[in-house]
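Report on the structure
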Amino acid sequence: MQSSESKTSTPWAANLTTIPTMFGDIRDEIVESFKDYIPLTKDWQSISAYDTLMHIVCRTSNRYFVGLPLCRDPGYRSLNETFTIDVAVSARIINRFPNFLKPLVGQYLTTVPKSVKRALEYLGPTLEERLAQEKLHGPEWAERPNDLISWLLETTTQDYHRTIRDLVLRILTVNFAAIHTSTMTLTHSVYDLAVHPEYVKEMREEAEKILEEDGWTKPAMQRMRKIDSFLKESQRLNSIGNMLMTRKTLKDWSLSDGTLIPAGTFVGIANDAMNKDEDAFPEATTFKGFRFADMRDGDGELDGIKHQMVSLSLDHVVFGHGRHACPGRFFAVNEIKAMFAHILLNYDIQLENGSMKRPENFCVEANIIPNTKAKVLFRKRRD
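Let me begin by describing the structure that accompanies this report. Here the structure is a predicted model, which is why all the values come from computation and not from measurement.

1. Examining the overall build of the protein chain
- Scanning the protein chain for helices and strands turns up 15 helices and nine strands.
- Here the C-alpha atoms of the protein chain give a radius of gyration of 22 Å, agreeing with the 21 Å that 2.2 N^0.38 yields for 383 residues.
- C-alpha extents for the protein chain along the principal axes are approximately 60 × 55 × 45 Å.
- Counting every position in the protein chain, which comprises 383 residues, the buried fraction comes to 49%.
- Long-range pairs, those at least 24 residues apart, make up 71% of the contacts in the protein chain between residues at least 6 apart in sequence.
- Looking at the protein chain as shown, the accessible area adds up to about 19,200 Å², and 55% of this sits on carbon and sulfur atoms.
- The distance from the centre of the 48 positive side-chain charges to the centre of the 51 negative ones in the protein chain is 4 Å.

Take a look at the structure:
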């Protein structure tokens, strides 16, 4: 997907222009979610960071995807939070069997079919109503909700893509892609905020000044250079994987230096090593929260743009690169930035016992996962 906001056949790309109009809903859900999961208190309260932030991300994302009241339904939220894990575990089970048995194994020996059935129960009535209204009033009926369901119907022409089951699978797939990656990124940034309090004052001042001028809007999020930089620096040192953009060669392929990659070979980009390359990022293993904000102030014609968190670069491939780069990154970054700014402006945070040692990540194969057991202390901002 191109980084422009032109309309394409992809629901994400087709509706980038809806982010500003939906930002009020996103902001409302952030506020209400934090009230429910991390209420403002005078005394420190211990919060399980990963699980709590996942609940907030899931609710907020689904306010954008399916709207109220479903996004706040505990059962629906739990379904989407566990679906990613169900799929990952199921894939491991299925891959242990020969190809001719895989369809049967997937159907009878994994939990995914049960998850899809539950999703049909939650989403089925809404989808039936949408299809009925579209048939009655046409695709642009006046009160059509501005959400993922409408976008899927808008960008789909094939009849088999307009069945209830197919639409449910698509909504589950978008949640599969959105929730855990955003949760990991936000959790990493909260851990970094706790161990780098020296950046708090400047980021708060930036957010307060911009919000006073623009309010809680998408343009305000875009102007927050220091917050954007802090998040990108956290993402650089704590990415989602050691290796990204994995591909399988379908035929023999020769590189420009003559290296031959035989057909059937899996190749990928050494993302973590790239992120810690001294040539691209001086003092690469040191956390510099405003590294990218400083780079955006450079003399290059595109410096102000190319070092944003959402920007694609050959030096930074967390969101992929080229035509298959993550199309949802615009929404994800705006959502994460709005949540992070909310935390900055409303809470003081620290690790348990005032520790300044960042909770260690753990790796599963090539995946880098933030510590899911660590606790973070929150209290109402005092200054």
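Further notes follow.
2. Here we look at the pattern of salt bridges
- Under the definition given, this model contains 30 salt bridges.
- A salt bridge links Arg204 to Asp348; its shortest N-O distance comes to 3.1 Å. With Arg204 in helix α9 (residues 200–214) and Asp348 in strand β6 (residues 347–351), the pair connects residues that are 144 residues apart, well separated along the chain.
- The exposure class assigned to Arg204 is buried, which follows from its relative accessible area of 7%.
- Residue Asp348 is classed as buried on the basis of its relative accessible area, which comes to 12%.
- For Arg225, the salt bridge identified is with Asp297, shortest N-O distance 3.1 Å. With Arg225 in helix α11 (residues 225–237) and Asp297 in the loop between α13 (291–296) and α14 (303–306), this residue pair connects regions lying 72 residues apart in the sequence.
- Through salt bridges with shared partners, a single ionic network connects Asp25, Asp28, Glu29, Asp36, Arg59, Arg63 and Arg72.

3. Structural notes on the side chain of His342
- Within the secondary structure, His342 is located in helix α15 (residues 329–346).
- According to the relative accessible area criterion, His342 is buried, its value standing at 6%.
- Other than its neighbours up to four places away in sequence, His342 contacts Arg27, Ile30, Val31, Phe34, Trp216 and Tyr347.

4. What to know about empty space enclosed by the protein
- As enumerated under the stated definition, the model contains one cavity of 30 Å³ or more in all.
- Its volume calculated, the largest cavity comes out at about 30 Å³.
- Taken together, Arg130, Glu134, Trp141, Arg144, Ser150 and Leu153 make up the full set of residues lining the largest cavity.
- Among the secondary structure elements, those contributing two or more residues to the lining of the largest cavity are α6 (112–137) and α7 (148–154).
- Residue composition of the lining of the largest cavity, grouped by class: two nonpolar, one polar and three charged.

5. Describing unusual backbone geometry
- Omega for the peptide link from Leu68 to Pro69 comes to -5°, which places this bond in the cis form.
- Phi is positive for Met245, close to 55°, though the residue is something other than glycine.
- On the secondary structure map, Met245 appears in strand β2 (residues 244–248).
- The partly exposed category is assigned to Met245, whose relative accessible area is 25%.
- A positive phi angle, near 60°, is found at Asn353, a position not held by glycine.

6. Structural notes on the packing of aromatic side chains
- Inspection of every chain in the model, using the stated rule, returns 13 aromatic pairs.
- Between Phe34 and Tyr347 the ring centres are 6.0 Å apart and the planes differ by 40°, which places this aromatic pair in the tilted class. Residue Phe34 is found in helix α2 (residues 18–37), and its partner Tyr347 is found in strand β6; the two are separated by 313 residues along the sequence.
- The class of Phe34 is buried, set by a relative accessible area of 0%.
- When the centroid spacing of 5.1 Å and the interplanar angle of 70° are considered together, the rings of Phe230 and Phe287 count as edge-to-face. A residue pair is termed long-range when its members are at least 10 positions apart, and Phe230 in helix α11 and Phe287 in the loop between α12 (271–275) and α13 qualify at 57 residues. Exposure class is identical for Phe230 and Phe287. Each is buried.
- Counting every residue linked through ring pairs, the aromatic cluster contains Tyr199, Phe230, Phe287, Phe290 and Phe340.
- Sitting above the plane of the Phe290 ring, Lys226 keeps its charged end 5.6 Å from the centroid.

Criteria and cut-off values
Residues numbered from 1 in each chain as written. Predicted model: local features only at pLDDT ≥ 70, side-chain atom pairs only at ≥ 80, totals over all residues. Heavy atoms only, no water. Helix = DSSP H or I, 4+ residues; strand = E, 2+ residues; numbered from the N terminus. Rg over C-alpha atoms; globule rule 2.2 N^0.38 Å. Buried < 20%, exposed > 50% of the residue type's maximum accessible area, 1.4 Å probe, protein only. Contact = heavy atoms within 4.5 Å. Areas by Shrake-Rupley, 256 points an atom, 1.4 Å probe, with all protein chains shown as cover. Lys, Arg positive; Asp, Glu negative; His and termini not counted. Charge placed at Lys NZ, Arg CZ, Asp CG, Glu CD. Salt bridge = Lys/Arg side-chain N within 4 Å of Asp/Glu carboxyl O. 1 Å grid on protein atoms, 1.4 Å probe; cavity = no way out; pocket = protein on both sides within 12 Å on 5 of 7 lines; lining within 4 Å. Points joined across faces, edges and corners; volume = space filled by probe spheres on them. Nonpolar A, V, L, I, M, F, W, Y, C, P; charged D, E, K, R; others polar. Phe/Tyr/Trp six-rings, centres within 6.5 Å; stacked < 30°, edge-to-face > 60°. Lys NZ or Arg CZ within 6 Å of the ring centre and 35° of its normal.

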